[in-house]
Amino acid sequence: MAGGWSLNELMSFGIAGLAGLVLALDDWRWMLLAWALMGTAGGILLQQASEIPEQLAGIQILNSTLLTLLFYLTGRRARTIAPKTLTARSMIHWRFRILAALFLHIIARMAEVRFPLPIIPPSLLVVTYTLIGIGLLIATLSRSPLRAGLGVLTMLNGYQIFYLSVQDSLLAIGLMAGMSLLVAFLTAALTLVRQEVSA
Amino acid sequence: MNFPLLILLALPLLAALVVYPLRRTPLAAPFAAAVAAALVGFLWVIPWSPTAIRPDEVILGPPLTLLGRTLRLTETDRWVLSTLWGCAALMFLTAWPFRFERRLYPIGLAAGGLWVIGFLMRPISLGVFFIGGAALLLALTLLGEGHGMEGTMQYLIAASLGFLMWVTAAWTAEQVTLNPGQPLWTALTVVLISMALVLWLGVWPAQRWVLFLFAEGAPIGAAFTVFLLNYGTWFWLLAWAQAFPWLTQIPSWNTSLQTIGVVMMLTSAVLALAERGWGMIGGYAWLASSGLSWLTLGMGTIEGIHLSAWTLGVRMVALLGLAFGLAAHRRMSGSTESGRIPLDRGPWVIALLLASGMALLDVPPFAGFTARWTLTRLLLPSHPVLSLVLIGSLGLLGWSLLRELLTPPREGAPLRPMPRSAVWFGITWWIAELLLLFLGPWLGIQFEALAKEWIRLSSLG
């Protein structure tokens, strides 16, 4: 039990670290890689920490992989249209963004202690709070639609971890995954429109 | 199987697929408007057989099962859907002369279709996904010829975050039913709904996306978005009150709605002083005017709710005028900045912007003045200071509007000629405003059913 707990703790640190990388990295390809790894790690954590069927956690991982592929193809296409405008450099230095991610993770840990929910394992709650916080930060600090969309999807990823643990309706879980897909398609469409305008 | 209801749900989504390839042609707007108008006609032509499913609830036709869940149409829903599709038809026709609004037709139909499914679906916790999907989909209508990326991105963030609030609120509301006697879930539900309203209605400090959409995006797409989010949410709260009758009984419920309304009205008036441009000021005028609907809804009395429903009907014409004026301004000058179009080069456009702004501010002789006057009369005995401050806030917004008119002409890119459609639209708009003055009392009677439904639901709890 103790081993399992520490593994979950490690996973939640890892997910927070990967989300921090999504926030800090400027190159869109590395950012996408970090985001894909974050989604996969979230699925694995769900599998270990909660009692949801393994298939659902597997779908979560598959969903992240497919969305990453979609963004990669969008990014490649956008790069051929207007290469310089794909990733607008953030106004804030990456060191401060890493610090902000760390700060948000600490706040998430404090929030989990202060407002625990008995129906959801603590490690999942910490990851939920952290991803929603960091996702919001990514979305609000971004100037490019690709990055803003990834921020929104990071928020949704965090929320999905909470939602999959408390919701037992397969239809609701499927609809939630559908919303992620919708946001991803919107992000891809906005990125391509932006590139066409820049070109 | 309720086939008419199935057709009602499927038709807009199928029509969106047909309109999409036509969106670059002049056929798209009249086709989309005809579909929306046909949906309104269909709602009233079909002889729905009333079925009593409970002593206090009568539905039109048998329930429809979709994805294993039930969808029911009531008399109130029929009014709601008629309002939605009727206004959508007007929006599509308004967007007809403008090429940069072409995404509105297919996306508007699809978003409206999704919203109707979400509105009728029970439980609410599943309907919320369709409503959220409709809100997110609207992001695609907001870009006009490359403009408005900033506003669209801000809208995407606000709509997504608001959606998460709604999903969580639906879940916590179900927890109230499952765990009675735990006040935490009740309080959480009200807080989450309030936060969702702040994000979706553009209440300060989340108001920037509304302004950016009007100032930089496709104005009629922006008007459709704020219309669906405002009107849609107003009607959807009725469905919430139906599903969770305890909600409207909580004192903090009405307080939240009132606070949202007052904040919208006051912050818009103050912040508008620091902004320039027809789009920005128009956006603030819209926020202030919709704040009045939420304040009166929060009164919780039959008079207040009736007034709120009535303002929804009256606001639509003003919103259409503002959206058309901004779109015509954009077409002539490429932006909605002040001073770009002198009065002699675009008299109908400037007159439309000014008059629709005044109609949103409920200045006499526009029909909204009756609502403003009734609100002042209702508030004055109990909250004299607030009612005076609200009147003062109108003065500030009026000054911001006048300042736009008085801005000296500025040099910029050469102007395109005023669209000929501005003259026809302007004449129609003035006739519609005049008709509203005379039809106002009749419209009020029609909306009374909605107010009574609210009160009936409140008394059930």
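In what follows, the structure referred to is the one given above.
Residues numbered from 1 in each chain as written. Chains lettered and ligands numbered in written order. Predicted model: local features only at pLDDT ≥ 70, side-chain atom pairs only at ≥ 80, totals over all residues.

## Details of the overall build of chain B
A count of helices and strands for chain B gives 16 helices and five strands. The C-alpha radius of gyration computed for chain B amounts to 21 Å, which stays within 12% of the reference 23 Å derived for 461 residues, consistent with globular compactness. For chain B, the spread of C-alpha atoms along the principal axes amounts to about 65 × 55 × 40 Å. (Helix = DSSP H or I, 4+ residues; strand = E, 2+ residues; numbered from the N terminus. Rg over C-alpha atoms; globule rule 2.2 N^0.38 Å.)

## Quick word on the interface of chain A and chain B
Listed as interface residues are 21 residues of chain A and, on the opposing side, 21 residues of chain B. Secondary-structure elements contributing two or more residues to the side of chain A that touches chain B are α5 (122-141), α6 (145-166) and α7 (170-198) of chain A. Among the elements that take part in the side of chain A that touches chain B, α7(A) stands out by supplying twelve residues, more than any other. The class makeup of the residues in the side of chain A that touches chain B is 19 nonpolar, one polar and one charged. (Contact = placed C-beta atoms within 7 Å. Nonpolar A, V, L, I, M, F, W, Y, C, P; charged D, E, K, R; others polar.)

## Details of the sheet that holds strand β4 (residues 69-71) of chain B
All names here are of chain B. Spatially, β3-β4-β5 is the arrangement adopted by the three strands of the open sheet, whose pairing is antiparallel. Both outer strands of the open sheet, β3 (64-66) and β5 (121-122), are each paired with one neighbouring strand and no more. With two bridges connecting them, β4 and β5 associate as antiparallel partners. Paired with leucine 71 across the strands is methionine 121, a residue of β5. (Pairing = 2+ DSSP bridges.)

## Quick notes on the environment of A:Ser142
Residue and element names in this part refer to chain A. Summarising the element assignment, serine 142 is placed in the loop between α5 and α6. Between the C-alpha atoms of serine 142 and glutamine 47, which are 95 residues apart in sequence, the distance is 32 Å. Those residues within four positions of serine 142 in sequence are excluded, and the remaining contacts are Arg147, Ala148 and Gly151.

## Quick notes on the environment of B:Ala52
The residue B:Ala52 is located in strand β1 (residues 50-54) in this model. On the basis of neighbour counts, which here come to 9 C-beta atoms within 10 Å, the residue B:Ala52 falls in the exposed class. (Buried ≥ 20, exposed ≤ 12 C-beta atoms within 10 Å, placed from the backbone.)

## Describing the environment of B:Arg372
Locating B:Arg372 in the fold gives a position in helix α14 (residues 368-379). Note: C-alpha distance between B:Arg372 and B:Leu361 (eleven residues apart in sequence) is 8.9 Å.

## Structural notes on α5(A)
Between its first and last C-alpha, α5(A) extends 29 Å over 20 residues, near the 28 Å set by a 1.5 Å rise per residue. In terms of burial, α5(A) is a largely internal element, 16 of the 20 residues being buried. (Expected span 1.5 Å × (residues − 1).)

## Some points on the pairing of strand β2 (residues 57-60) of chain B
Residues and elements named next belong to chain B. The pairing of β1 with β2 spans four bridges and is classified as antiparallel. Paired with arginine 54 across the two strands is glutamate 57, which belongs to β2. Hairpin connection from β1 to β2: two residues lie between these consecutive antiparallel strands.

## Brief notes about the packing of helix α2 (residues 28-49) of chain A against helix α3 (residues 54-81) of chain A
Residues and elements named next belong to chain A. Packing of α2 against α3 brings their axes to within 8 Å, and their N-to-C directions diverge by 175°. Here α2 is positioned roughly antiparallel relative to α3, judged by the angle of their axes. Taken together, the residues of α3 that come into contact with α2 (itself represented by Trp28, Leu32, Trp35, Ala36, Gly39, Thr40, Gly42, Gly43, Leu46 and Gln47) are Glu54, Ala57, Gly58, Gln60, Ile61, Ser64, Thr65, Thr68, Phe71, Tyr72 and Gly75. Looking at the contact of α2 with α3, its residues break down into nine nonpolar, eleven polar and one charged. (Axes fitted to C-alpha atoms, helices over the stretch in contact; angles between N-to-C directions. Parallel < 35°, antiparallel > 145°, perpendicular 65-115°, else oblique.)

## Some details on unusual backbone geometry
Look at the link from B:Trp204 to B:Pro205: it is a cis peptide, with omega at 10°. You can see B:Pro205 is positioned in the loop between α7 (183-201) and α8 (208-216).

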